[in-house]
Amino acid sequence: MSLVRRALPTDAAEVLRLRQVMIDSLAPAPASSDWHTESLPGLRRRLAEPDGDFGAFVVDHPERPGALAALVVGTVEYRIGRAGNPHGTVGFVFSVATDPDARRRGYARACMDALLAWFRERGVRQVQLTASADAEPLYVSLGFKPKPDPLLELLL
């Protein structure tokens, strides 16, 4: 029996907690979690749509009932087709986090396997993500390859 399951609306607060773990691991100084309260209702709505374009997979924490040990979240996006992806469906992985006391147990890999299967079920043939140096070996072992395309961002 698999440890991985789809995240439920009742998991929303824990999903945000693990997302904060990921954010804190990437930022030079601890980030504020004040945004959680504002984010919670929208996240609950997305988690209640199992057939939508938002997929979140989790593993329950084995030692802490009600807590999550790991989280992987992705979306299916449409972009105009091109050679190699004529339908224009692209998966994007944007949150992968494991609780610090639950690391090195294979939970992130198991969640990634579930997310990749979910992408395949939706016809996605191209998946993208950005990776920290610590997480890159996991993604490379799953078949991800570095791309030279630089990412630019504009905040509106």
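Residues numbered from 1 in each chain as written. Predicted model: local features only at pLDDT ≥ 70, side-chain atom pairs only at ≥ 80, totals over all residues. Heavy atoms only, no water.

Visitor: Please clarify how the nonpolar core should be interpreted in this entry.
Guide: In a soluble, globular protein the nonpolar side chains are often hidden away together inside. Counting residues in hydrophobic clusters, the biggest one holds 23 residues, and the most contacted among them are V93, M112 and F119. Taken together, the elements giving at least two residues each to this core come down to β2 (54-60), β3 (68-78), β4 (89-98), α3 (107-121) and α4 (136-141). A total of eight residues in this core trace back to one element, the largest contributor, which is α3. Ranked by size, the runner-up nonpolar core spans 17 residues in total, among them A12, V15, L47 and A56. (Core = buried A, V, L, I, M, F, W, Y, C linked by side-chain atoms within 4.5 Å. Buried < 20%, exposed > 50% of the residue type's maximum accessible area, 1.4 Å probe, protein only. Helix = DSSP H or I, 4+ residues; strand = E, 2+ residues; numbered from the N terminus.)

Visitor: Which parts of the structure should I look at to understand the pairing of β4?
Guide: Looking along a regular strand, one sees side chains alternate from face to face of the sheet. Most of β4 sits inside the fold, with eight of its 10 residues counted as buried. Across nine bridges, β3 lies against β4 in antiparallel orientation. Following the sheet pairing, A70 is matched in β4 by T98. Judged from the three bridges that link them, β4 and strand β5 (residues 127-129) form a sheet pairing that is parallel. Paired with F92 across the strands is Q128, a residue of β5. (Pairing = 2+ DSSP bridges.)

Visitor: Looking at this model, I keep getting lost on the side chain of N85. Mind explaining?
Guide: By the secondary structure assignment, N85 is in the loop between β3 and β4. Owing to a relative accessible area of 6%, N85 belongs among the buried residues under this scheme. Within the structure, N85 has its side chain in polar contact with the side chain of Q126 (distance 2.9 Å). (Polar contact = N/O pair within 3.5 Å; in protein donor to acceptor, adjacent residues only side chain to side chain.)

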